[in-house]
Structure formats: structure tokens, C-alpha cells
Amino acid sequence: MHPGRVWRHGDSRAVRGPVLYWMHREHRAHDNWALVHAIGEAKAAGAPLAVVWCLSPRFLDAAYRQFHFLLRGMRGTAETLREHGIPFFLLQGDPADEVPRFAATHGTGLVVTDFDVLRLKRAWLGQVREALACPLHEVDGRNVVPCRMASDKREYAARTLRPKIHRLLPEYLDPFPSLATEASGVAAWKAPVPDAMAAPDWDALLAAHPADRSVPALTGPDAPVPGEEGARRTLETFLTSRIHRYEKRNDPNADAVSGLSPYLHFGMMAAQRVVQRVTASTAGSADARASFIEELVVRRELADNFCLHTPDYDAVTCFPAWAQGTLDRHRDDPRPHLYDEAALEKARTADPLWNAGQTQLMRCGVIHGYMRMYWAKQLLLWTPTPEEAMRIAVRQNDRWALDGRDSNGYAGIAWSLGGVHDRPWGERPVQGTIRCMTYNGARGKFDVAAYIARMESLRGGGQARLPKSPCQRQ
Ligand SMILES: Cc1cc2nc3c(=O)[nH]c(=O)nc-3n(C[C@H](O)[C@H](O)[C@H](O)COP(=O)(O)OP(=O)(O)OC[C@H]3O[C@@H](n4cnc5c(N)ncnc54)[C@H](O)[C@@H]3O)c2cc1C
């Protein structure tokens, strides 16, 4: 494994005592660099290894839908780990308390964990690091080129990050070792651990979880299947039947995109595995494959770069100076409509295209990528201030989207509302020089009526009663 993936906190004394891998972003057993690193450290020290995962009662605006997807996926991952002889222990509560407590109880010699850029995760990491009596290693298994290696500052735009990523990409595209080979030869875990941690009842955990049930789980025939196996099948189906259409990815009716974002968000699949699979494939044209890798690597890694270097990534203060200035100059412009969050959430606006996007978000747990931009941008026009537009966009996306609460989401919203990674365009009321997207512009790009009709069919109906596949991959 490339050493550039590991960020070491604490001294570099020899490991004495078990190695723990605290998993919290990369929810997978296979193709997981943090796990590979933890196994390597355990073997080198002749120490036992365990994976710990902490179920917290809340996480940002995640609701029942997201906890359902996560817990169902984690059940499979825990089983895979056990099949490979790696103990898995489930903790419950605030990870900042529970992880150090477990580590202290078991005289842990090293904690290895996932790299994450969100404020809450950075705070967890800081608290855990303070409380631990042993070193902590952070491993970037999310980005193909580790975020800190690609750049040490906030990048201006995709064009400034792209050459840095491409220069390092060959070095970091090393093949993943097989879990079976890696896991053999690790010292056995002997210390007793309570049954509730060692053999969790996943159904009971989900049933007792306090998550908001007004955002229901996605369970219909078109719903993404949680976990590593669901991720693998989604990737293979994309390669065999859709990547050749990827150049039509801005058409929400074209069924051209991968549908991988929930899996990538929850770390149920490594982006690096997707890149390796796509580059080894001859499916679709070379242009389609290159465009897909641009989104998956450059755009996605730009989002982590943005959040790592911009702690106010979900506030208007993160917008570039030109964007804050133009929005300020248009603060007092009359808005064409004003809606409160309740009306927006119920998709009750005068714009049927926006309502269709919001309906897709609530019913399918995603919005098509093109519609996501349109959806966010209209909020500037319909709310009294940019601050309120930002608040609503973040809350709705984090609450309803399966892939929300993600650096991609915060960067996408900041791009749409505040020109982050973009440039000034022609001046218009309210939006100033922020790039605008209009209903007529959308009509010129795709069959808006067909998209609206598809999403209308979802309104008021359960997933199981839907006509053919309105949710499928948007
Ligand atoms: C307002 C707004 C909100 C967004 N919210 C989210 C979010 O909450 N979670 C999320 O993962 N993405 C978000 N995006 C980015 C993008 O729209 C989605 O990643 C994409 O639509 C997911 O569908 P897919 O997996 O089928 O994409 P594909 O086109 O198949 O792309 C494959 C992967 O590349 C990455 N990717 C694609 N486009 C982008 C992009 N513009 N920026 C960063 N990464 C990208 C994603 O990981 C995606 O899964 C948002 C964009 C905007 C404009």
C-alpha cells in the first residue's frame, strides 16, 4: 500500500497491544486501504486485530432512510469480516467517547481510522486522538489520490486540481490485495467482548434506532440494494448496459448515469476499484469512460479538497469574494416567488420541473445530477436571502438524499448557489452574476415534460405501486 495514504498522529513507538480499525466512512471489508494498513501493522507487531464501528443515535440530518441503508449494508460487511477471521465489534453512542473507552479497556496499541473531511468527523477525530493513550493513524481510502497528497490548499477550480491528480494517479492506482490473503496469519483476538458488541442483532438495532421515520427507507424493486454486493452489481450493470450512453449524462431521461453515489457515499465501494474496472473495460467509447472518470476522480476529489480546506463549507461565507459581493448587491431585489421550507419540501411551487426534482429526491432518495443543479439554483430566487437558500438546500439534501451529508453535496450546493469552483456569468436579478439555469434552458436540453410525468407518477404512491422504473438511476 502506498505510504502516502497514511497520516500519523502521535508518536511512532512500536505497537504493544491489539490494533483497532475504527471504521466510520469506508463501510466495506474488501478494497479498504485502512483495513489493509491495520492488518499490516497488526502482523508486524504480532498483535491481534479487530474492527470497531460505532452506531450513533444521530448524524447530521440523516433520517431512517439513511440509517436503514447503512445498517443493512454493515450487516453484510460484518459477516464478511468474520468469515475472514477478523473480529467485528459494534459500539453504540458517541464515537468520541466510545472508541477511546473500548481502546482503553483492551489496552490497544494502535487505532487506525478513516480520513474524513466533514466538521463533525474532524471533531470526532480530534476528541478521540486526545483521549487515546496510543497513536492514531488516519488512512485516506476515499480518494484515489489521497486528498492531502493531491494538494495542500483550497483549489480554485477543477482545472487547477486536475493536473495534480493526473500526475499522481498512476502512482496511487496500485492493485488492492485480496482480503483472504491479507487476513491470514493475524494473531487471534482472545479478550472477551460482550455479546451485544460481538454478535449484534441488526434488526433490533434498526427497530430501536431513534432516527426520524418520516423519511422512509427505500425498499421497492427499484431501490438500491444496500452493501458491498449491491454496489458490485450496480457497477457491473452500469458497465454492461449504460456506460455507452454516458455522454448523455445531462439528460435525466436517458438512464445514462451509474447510480453509484449512495454506495460511494457510504464507502460500500472504493472509487479506486471503480476506476480500475472502468479502465480495464472496453464498454462504451473511450470518451464516455474518460468523462466518467473525470466525474469520479477529479470532481469527487475536488469536493473533498473543498471541505477539508473550507470548514464553513455549508455557509455562504465559503463563497468566493466575487460571489458574496454580487449576491449582496442583489439582496433587496424582489423575488419572483417566496416559499417557506414546508412548501418547498412538499414540492408545492409554481414550477413543475422543480417540483419533479424535489419529488424524485423524496421518493427515490436521489436527484439526477443535472436536476440537482437546477433544483439548488432556483432556491436563490424563492427565498428571502442567500443564507436561507443555503440552509434549505443543505437540509433538504442531507435529510432526503441517500448520498447526502457528503463533501460532494456541500461542494455541489456551494457551486450552484455561490459560484464555488465557477466564474461570474451575465448579470441577472437576485442571482447577480452567479450562473443561472432556467426552465427554458432545461427544455432545450431534454424532454422536460417526460421527466415531469415520470416524477408525477411517484406523487402520492408507494414505491411498490409505481409504473416501470421511475426511480431507477434517476
Ligand atoms: C446541488 C447539488 C447537490 C449534490 N449533492 C450530492 C450529494 O449529496 N452526494 C453526492 O455524492 N453527490 C452530490 N452531487 C454531485 C452529483 O450530482 C452526484 O454525485 C451524481 O449526480 C450522483 O449520481 P451518479 O452516481 O449516477 O453519478 P455518475 O455521473 O455516474 O458519476 C459517478 C460518481 O462520480 C461522482 N460525481 C459525479 N458528479 C459529481 C460532481 N458534480 N461532484 C462531485 N462528484 C461527482 C459521484 O461520486 C458519482 O457517484 C450534488 C451536485 C449538486 C449540483
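Residues numbered from 1 in each chain as written. Predicted model: local features only at pLDDT ≥ 70, side-chain atom pairs only at ≥ 80, totals over all residues. Heavy atoms only, no water.

- The protein is annotated in an unreviewed UniProt entry as Deoxyribodipyrimidine photo-lyase from Nitratidesulfovibrio vulgaris.
- On record in UniProt, under Sequence similarities (unreviewed entry), the comment for the protein is "Belongs to the DNA photolyase class-2 family."
- Its UniProt record gives the protein the following Catalytic activity (unreviewed entry) comment, quoted word for word: "cyclobutadipyrimidine (in DNA) = 2 pyrimidine residues (in DNA)." (UniProt positions renumbered as here; feature names shortened; annotations may be inferred.)

## Re the site of the ligand
Now for step 1: In the vicinity of the ligand there are 25 residues, among which Tyr-246, Ser-258, Gly-259, Asn-397 and Asp-403 approach most closely.
Now for step 2: At 3.2 Å from a nitrogen atom of the ligand is found a side-chain nitrogen or oxygen belonging to Glu-295.
Now for step 3: Between Arg-372 and the ligand, the recorded distance is 3.3 Å, taken from a side-chain N or O atom to a nitrogen atom.
Now for step 4: In isolation the ligand exposes 820 Å². Once the protein is present, 91% of that is buried. (Near = heavy atom within 4 Å. Polar contact = N/O pair within 3.5 Å; in protein donor to acceptor, adjacent residues only side chain to side chain. Areas by Shrake-Rupley, 256 points an atom, 1.4 Å probe, with all protein chains shown as cover.)

## Observations concerning the packing of helix H12 (residues 271–279) against helix H13 (residues 286–309)
Now for step 1: Put simply, H12 and H13 touch, their axes get as near as 10 Å, and they point 165 degrees apart. On the basis of the axis angle, H12 is roughly antiparallel to H13. When the axes of H12 and H13 are compared, the crossing they make is left-handed. Residues Ala-271, Val-274, Val-275, Val-278 and Thr-279 of H12 touch H13, and the partners they reach there are Arg-289, Phe-292, Ile-293, Leu-296, Val-297 and Arg-300.
Now for step 2: Residues of the contact of H12 with H13, tallied by class, amount to eight nonpolar, one polar and two charged. (Axes fitted to C-alpha atoms, helices over the stretch in contact; angles between N-to-C directions. Helix = DSSP H or I, 4+ residues; strand = E, 2+ residues; numbered from the N terminus. Parallel < 35°, antiparallel > 145°, perpendicular 65-115°, else oblique. Left-handed = near helix turned anticlockwise from the far one by under 90°. Contact = heavy atoms within 4.5 Å. Nonpolar A, V, L, I, M, F, W, Y, C, P; charged D, E, K, R; others polar.)

## Observations concerning the pattern of salt bridges
Now for step 1: Scanning all chains against the criterion turns up 33 salt bridges.
Now for step 2: Between Asp-116 and Lys-121 there is a salt bridge, with its nearest N and O atoms 2.8 Å apart. Like Asp-116, the residue Lys-121 is buried in the burial classification.
Now for step 3: A salt bridge links Arg-372 to Asp-403; its shortest N-O distance comes to 2.7 Å. (Salt bridge = Lys/Arg side-chain N within 4 Å of Asp/Glu carboxyl O. Buried < 20%, exposed > 50% of the residue type's maximum accessible area, 1.4 Å probe, protein only.)

## A word on the domain arrangement of the protein
Now for step 1: In terms of domain boundaries, the protein breaks down into domain 1 (1–141), domain 2 (143–176 + 226–309) and domain 3 (311–465).
Now for step 2: The C-alpha centroid of domain 3 is placed 24 Å from the C-alpha centroid of domain 2.
Now for step 3: On the side of domain 3, 24 residues touch domain 2, which itself brings 21 residues to the contact.
Now for step 4: Of the roughly 1900 Å² buried at the junction of domain 2 and domain 3 (both faces included), carbon and sulfur atoms supply 60%.
Now for step 5: If you look at where domain 2 meets domain 3, you find zero salt bridges.
Now for step 6: Contributing elements (two or more residues each) for the side of domain 2 that touches domain 3: helix H11 (261–265) and H13.
Now for step 7: Of the residues forming the side of domain 2 that touches domain 3, the biggest block, seven residues, is contributed by H13.
Now for step 8: Its residues placed into classes, the side of domain 2 that touches domain 3 shows ten nonpolar, five polar and six charged. (Domains from an automatic or database assignment. Buried area = accessible area lost by both parts, 1.4 Å probe.)

## Digging into the sheet that holds strand S4 (residues 88–92)
Now for step 1: Pairing is mixed in the open sheet, where six strands are placed in the order S1-S6-S5-S2-S3-S4. Two strands lie at the open edges of the sheet, namely strand S1 (6–9) and S4, each paired on one side alone. Taken pair by pair, the neighbouring strands of this sheet meet at an average axis angle of 25 degrees, ignoring direction.
Now for step 2: Sitting on the sheet, helix H2 (residues 64–83) touches strand S3 (49–55) and S4, and the angle it makes with S3 is about 170 degrees. (Pairing = 2+ DSSP bridges.)

## Comments concerning the packing of aromatic side chains
Now for step 1: Scanning the model with the defined rule gives 19 aromatic pairs in all.
Now for step 2: Here the aromatic rings of Phe-446 and Tyr-451 are separated by 6.2 Å at their centres, their planes lie at 90 degrees, and the arrangement is edge-to-face.
Now for step 3: Classification of Phe-446 as buried rests on a relative accessible area of 5%.
Now for step 4: Members of the aromatic cluster, joined through ring pairs, are Tyr-339, Trp-354, Trp-375 and Trp-382.
Now for step 5: Directly above the aromatic system of Tyr-313 lies the positively charged group of Arg-119, at a separation of 4.8 Å from the ring centroid.
Now for step 6: If you follow Arg-423 out to its NZ or CZ, it ends over the ring of Trp-425, 3.9 Å from the centre. (Phe/Tyr/Trp six-rings, centres within 6.5 Å; stacked < 30°, edge-to-face > 60°. Lys NZ or Arg CZ within 6 Å of the ring centre and 35° of its normal.)

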